[in-house]
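So the chains spell out like this:
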Amino acid sequence: MPPLSYGDPMHPLLGDDLARLPELLDETRAYAVRILQGLDDRPVAQLPVRREPTPLPAEGSGLKGAMEAFAERWEAGFAASAGPRYLGFVTGGSTPAALAGDWLTGALDQNPTSRVDSTAPDLEREAASWLRELFGLPAEHQGTFVSGATMSNLAGLAVGREWLGERHGISVAEQGAAALGPVSVLSGTPHSSVGKALSLLGLGRSAIRRADTLPGREAVDVARLAEALEGLGGRPAIVVANAGTVNTVDFDDLRAIAALRERHPFWLHVDAAFGAFAALSPAHAHLVDGLGEADSVCVDLHKWLNVPYSGAVQFTRRRDLQARVFANSAAAYLGPVGDDPDPVHLTPENSRRLLAVPAWFTLAAYGREGHAEIVRRDIALAELLGERIAALPGYRLLAPVRLNVVCFTLAEAPERTGDLVTAITESGEAFLTPTVYDGVPALRAAFSNWRTTEADVERVAKLLERLAP
Ligand SMILES: Cc1ncc(COP(=O)(O)O)c(C=O)c1O
């Protein structure tokens, strides 16, 4: 083994990159610009070809060499998921300001764990309060940044689990989930991430009790939910209400559900991963009426706020319980939890990226109005595609377009939607994801990108016409 040395010069490749940093970053910027300007021309997605890992480079090739290797080996196989016709899952792009914020996040490389060395955690507080205002949540809701809606659901449900403990006179954070006994989590059409969160939280996926939904809908039947709560005989529970289901973007009646707390004890968590953005469209804001009544709320940012992956926010009224769950109080150097806890005491991570910067940048750059325009345009475009598909022979809408997703199938042979999804991907023109809705194989086209225009919808409609059976 070579002896440890501190007198040697920096490794030559590192020293070289440091000396040429401005020039190398200019080249990186130019490369990124070429990628962004080519978004419209590259295949929107492609059927992936598995690449096996190569051995670890012993010597390395410096930043320029790494960039060349990346361009040659990887970039060409990546999807144009930042572009306007990537309509799979619920995928936002990255506004210019959000992207710039993301770059600067890396350049500044802050760890917002605690307030001992910088104002970085305060930027997160400011961005969280802007988001609270954007969604019209009351001041009692305080937001914390996490990496995605799954983590936001996890954090919200963790606070709910602690609330259950409080009702039983125990602390789950101290005694463990077993001390609670069986827990019921009632929900009409929960997102799959809720099951994952419950698995992680030790409550178990089987804690979910599916409450009946309204006929032909994914929204919960509030009267049936009330009956299910009644059946718990006063035992505290968790209700996960949905503001924007992933297939048909259906909304539970949040105000009516919240009102049930007058008669039944439950923690109300709302998964508003992308549905919260309905608040920005006057014609759709009623869908999230009552959101502020929730005890915890999940909102994703890499979906409709159009910040690059990853980012989401978790709001709750009970920051005291949140800190009880996530407190990292055993490390003296991080300081006490106190009344205004640092981020390290509020989320699963200790050290992490300063996640709020892209959100801060895009909100500072375009404000409420800029983001409302994206939301209204995406909704209008989803409606337009819905109209086009309804008029196309061979296709059938499976639900009305309530917000930003078109859920449809092949009229005669729904079982062949898998082939259609493949053909769409192979065309390179667009990307849509398959699903199953009410037992029927289907496709979803989700609009949440800031770049999408009417011309993109017409291209997708033409593609579907061409691929119609
Ligand atoms: C309603 C809802 N909740 C949660 C999630 C999970 O989001 P993420 O993949 O960002 O963790 C999604 C993702 O599509 C969603 O639509």
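Only a predicted model underlies this, so the values are computations on that prediction, with no experimental measurement involved.

Rules and cut-offs
In this numbering scheme, every chain counts its residues from 1 along its sequence in written order. Where local features are concerned, this predicted model is filtered to residues with pLDDT of at least 70; where side-chain atom pairs are given and counted, the filter is 80 or more; whole-chain, interface and lining totals use all residues. Side-chain numbers come from the whole structure's heavy atoms, not from hydrogens or water. Note on geometry: axes are lines fitted to C-alpha atoms, helical ones only across the stretch in contact, with angles between N-to-C directions running from 0 to 180 degrees. Helix and strand assignments follow DSSP, with helices taken as H or I runs no shorter than four residues and strands as E runs no shorter than two, numbered in order from the N terminus. Roughly parallel covers angles under 35 degrees, roughly antiparallel covers those over 145, roughly perpendicular covers 65 to 115, and oblique covers all other angles. If you view the pair so one helix is near and one far, a crossing is left-handed when the near helix is turned anticlockwise from the far one by less than a right angle, and right-handed when it is turned clockwise. Any two residues whose heavy atoms approach within 4.5 Å at even a single point are treated as in contact. Charged residues are taken to be Asp, Glu, Lys and Arg, nonpolar residues to be Ala, Val, Leu, Ile, Met, Phe, Trp, Tyr, Cys and Pro, and polar residues to be all remaining types, Gly included. One heavy atom within 4 Å of a molecule or strand is enough for the residue carrying it to be called near that molecule or strand. Polar contacts, as counted here, are pairs of nitrogen or oxygen atoms within 3.5 Å of one another; within protein the pair requires one atom able to donate a hydrogen and one able to accept it, and residues that are adjacent in sequence qualify only if both atoms are side-chain atoms. Note on areas: these come from Shrake-Rupley sampling with a 1.4 Å probe, and a residue is covered only by the protein chains present in the view. Ring geometry is summarised as follows: Phe, Tyr and Trp rings, the Trp one being its six-membered ring, pair when their centres sit within 6.5 Å, and such pairs are stacked at plane angles under 30 degrees, edge-to-face over 60 and tilted between the two. Put simply, a charge is over a ring when the Lys NZ or the Arg CZ is close to the ring centre, within 6 Å, and near the line of the ring normal, within 35 degrees. When DSSP locates at least two bridges between a pair of strands, those strands are taken to pair.

(A) Up close: the packing of helix H2 (residues 21–37) against helix H3 (residues 62–73). Their axes nearest at 10 Å, the elements H2 and H3 cross at an angle of 15°. Here H2 lies roughly parallel to H3, going by the angle between them. The way H2 lies across H3 gives a crossing that is left-handed. Between H2 and H3, the residues in contact are Leu24, Glu27, Thr28 and Tyr31 and Leu63, Lys64, Met67, Phe70 and Ala71, respectively. By residue class, the composition of the contact of H2 with H3 is six nonpolar, one polar and two charged.

(B) Fine view of the site of the ligand. Taken together, 14 residues are adjacent to the ligand, and Thr150, Asp271, Asp300, His302 and Lys303 come closest. The separation between an oxygen atom of the ligand and a polar side-chain atom of His302 is 2.8 Å. Taken by itself the ligand offers 390 Å² of open surface, and the protein chains cover 82% of this. By residue number, the principal contributor to the shell around the ligand is helix H6 (residues 149–168), which donates three residues. Here the residues of the shell around the ligand are counted per class, giving four nonpolar, seven polar and three charged.

(C) Layout of the packing of aromatic side chains. Counted according to the given criterion, the structure contains ten aromatic pairs. Three or more aromatic residues link up through ring pairs in this structure, and these residues are Tyr31, Phe70 and Phe78. One Lys or Arg, Arg51, reaches over the ring of Trp74 and ends 5.9 Å from the middle of that ring.

(D) Summary view of the sheet that holds strand S2 (residues 185–187). With mixed pairing, seven strands are arranged side by side in an open sheet as S1-S7-S6-S5-S4-S2-S3. Strands at the two margins of the open sheet, each flanked by one partner only, are strand S1 (142–146) and strand S3 (208–210). Along the sheet, successive strands turn relative to each other by an average axial angle of 20°, direction set aside. As paired elements, S2 and S3 share three bridges and run parallel to each other. Across the sheet, residue Ser187 finds its bridge partner in S3, namely Arg210. Contacts from H6 reach S1, strand S4 (237–242), strand S5 (266–271), strand S6 (296–300) and strand S7 (312–316), with the element oriented near 175° to S5. Across the sheet, helix H9 (residues 222–230) touches S2, S4 and S5, and the angle it forms with S2 is around 165°.

Any functional reading would require information that these geometric values do not contain.
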